[in-house]
Amino acid sequence: MGKLSGKHAVVTGGGSGVGAAIARKLAEAGATVTVSGRRKDALDEVAKSLGGISARTCDVTDPDSVSALFKSVADDHGGVDIVIANAGAAQASPFAKLDLESWRKTIDVNLTGAYLTLHAGVAAMENKDWGRMITIASVAGLRGYPYVAHYCAAKHGVIGLTRSVAMELAASGITVNAICPGYTETPMLTRALDNVMDKTGMNREEATKALLRTNPMGRFIQPDEVAQSVLWLCGPNSGAITGQALSVSGGEV
Ligand SMILES: NC(=O)c1ccc[n+]([C@@H]2O[C@H](COP(=O)([O-])OP(=O)(O)OC[C@H]3O[C@@H](n4cnc5c(N)ncnc54)[C@H](OP(=O)(O)O)[C@@H]3O)[C@@H](O)[C@H]2O)c1
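Residues numbered from 1 in each chain as written. Predicted model: local features only at pLDDT ≥ 70, side-chain atom pairs only at ≥ 80, totals over all residues. Heavy atoms only, no water.

Chemist: Describe helix α3 (residues 63-77), listing the residues and the values that go with them.
Modeler: In this model α3 runs 21 Å from its N-terminal to its C-terminal C-alpha over 15 residues, within 8% of the 21 Å that 1.5 Å per residue would give. Those residues of α3 that sit buried are Ser65, Val66, Leu69, Phe70, Ser72 and Val73. Projected onto a plane normal to the axis of α3, the buried residues spread over an arc of 160 degrees and lie on a single side. Exposed residues lying more than 90 degrees from the buried face of α3 are Asp64, Lys71 and Asp75. Tucked inside the fold, the buried residues of α3 contact β1 (8-12), β2 (32-37), β3 (53-57), β4 (82-85) and α4 (100-124). Here α3 starts with a cap whose side-chain oxygen sits 3.0 Å from the backbone nitrogen of Asp64, and that cap is Asp62. Looking one or two residues beyond α3, the residue adopting positive phi is Gly78, at roughly 75 degrees. (Helix = DSSP H or I, 4+ residues; strand = E, 2+ residues; numbered from the N terminus. Expected span 1.5 Å × (residues − 1). Buried < 20%, exposed > 50% of the residue type's maximum accessible area, 1.4 Å probe, protein only. Arc of directions from axis to C-beta. Contact = heavy atoms within 4.5 Å. Polar contact = N/O pair within 3.5 Å; in protein donor to acceptor, adjacent residues only side chain to side chain.)

Chemist: Now, about the sheet that holds β1: what can you tell me, with residues and values included?
Modeler: What links the strands of a sheet is backbone hydrogen bonding, and the strands pair in either a parallel or an antiparallel sense. Sheet architecture is open: seven strands sit in the order β3-β2-β1-β4-β5-β6-β7, paired in parallel fashion. A strand with exactly one partner marks an edge of an open sheet, and here the two such strands are β3 and β7 (245-248). Direction aside, neighbouring strands of the sheet carry axes that sit 20 degrees apart on average. Of the pairings in the sheet, the one linking β1 to β4 comprises three bridges and is parallel in character. Bridging across to β4, Val11 finds its partner in Ile84. (Pairing = 2+ DSSP bridges. Axes fitted to C-alpha atoms, helices over the stretch in contact; angles between N-to-C directions.)

Without other data, these values stay purely geometric and don't point to any function.
So, in structure tokens, the structure goes:
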């Protein structure tokens, strides 16, 4: 029996990158897992890759869609014990050119999506005396970076949300923490590198060097390293850790 057997986890944005790695890590530890996102094909691929994972489409910016996700999880699995608010998106833009539509879209998916996920998660965990809620924020939630003011604002908001909910739930047995990865090798990073090459004319090696300039270890983070920190926060000896923002970034922040 794995250390998480008997627990059910919901992972938003579980069809790729960090979310898929988290889903697999939790399933390997014995949890049953629902991965959610907008692309059914991507979710089905992750669900096929390991027993104990099922797929359910959900758009985290749509309150009805998030409610339907948690209702179906309650119907199928009798509730939820672990909530991973991982869905997110980033697009670079100089602040002077950042329009209101891009601002709203970025806040919507990264911050309002985390709010809707935690809000539905809290309701689904009512009457439980053990639970884990983890937001995947970013080092961009801990310091500023150029060309991503909207993303930094959203991720700073995610950390504030996480810390506040943690304080409200501190006596309940449910912990709430944020994980803050540095640049991590996922489809999001591939898009960021493509964008740097497109905007600057750099080749891939130069673009990689530019993105790694602020990383003391000089390397990208692996999705499994983020997933491992999630597993640790869900483990048996992490019950005293709540309201924290854990940097998984090679010492960047
Ligand atoms: N990669 C990095 O360098 C890095 C660094 C720090 C933090 N992060 C954070 O890590 C998290 C995961 O990102 P990733 O790197 O794994 O990138 P990714 O592979 O692009 O994953 C993002 C996931 O979010 C889902 N998603 C996007 N919009 C959604 C919406 N409206 N509703 C539901 N799901 C949505 C996507 O699925 P669908 O398109 O199917 O909906 C996708 O599976 C994000 O919160 C990101 O901000 C990433």
